[in-house]
Amino acid sequence: MAWETYACINDTCKGRPWCVQRDEVIPDLWYVAPPAGWQSFTIAAAEPICPLCGSSLVAVLEFEEHAHVVKRKA
Ligand SMILES: [Zn+2]
């Protein structure tokens, strides 16, 4: 299993990155950890969510697309 990089695009977190890993056995169980930390949060949901604000996390590729949109708006 590998950690994948996701980001929280909620206004509170402003693109805060998270490392996300899906449980190999249990469906809808995710481990979400801060990139520089040791302790991961266990999230039971259909998709990974931000442990801080509860928003859906997006894969970084999607996040970059979103960031372009935000930049255009600003
Ligand atoms: Zn968040």
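Everything below is about the structure shown above.
None of the values given here were measured: they were computed from a predicted structure. Every chain is numbered on its own, with residues counted from 1 as its sequence reads. Reporting in this predicted model follows two pLDDT cut-offs: at least 70 for local features of residues, and 80 or more for side-chain atom pairs to be given and counted; totals over whole chains, interfaces and linings ignore these cut-offs and use all residues.

Tell me about the overall build of the protein, and please be specific about residues and values.
Numbering of helices and strands runs from the N terminus; a helix is a DSSP stretch of H or I covering at least four residues, while a strand is a stretch of E covering at least two. Looking only at helices and strands, the protein features one helix and five strands. Put simply, the protein runs from its N terminus to its C terminus through helices and strands in the order β-β-β-β-β-α. Evaluated residue by residue, the protein yields a buried proportion of 16% over its 74 residues. Put simply, 35% of the contacts in the protein that link residues at least 6 apart link residues at least 24 apart. Residues are called buried when their C-beta atom has 20 or more other C-beta atoms within 10 Å, exposed when it has 12 or fewer, and partly exposed otherwise; all C-beta atoms are positioned from the backbone. Each residue is represented by a C-beta atom placed from its backbone, and any two residues with such atoms within 7 Å are regarded as in contact.

Pulling in residues and values, what's your account of unusual backbone geometry?
The backbone of Lys14 sits at a positive phi, close to 50°, despite the residue not being glycine. Looking at the secondary structure, you find Lys14 in the loop between β1 (4–8) and β2 (16–22). Positive phi values are uncommon outside glycine, yet Asp28 reaches one of about 60°. Mapping Asp28 onto the fold places it in the loop between β2 and β3 (29–33). Residue Asp28 is classed as exposed on the basis of its C-beta count, with 12 C-beta atoms lying within 10 Å.

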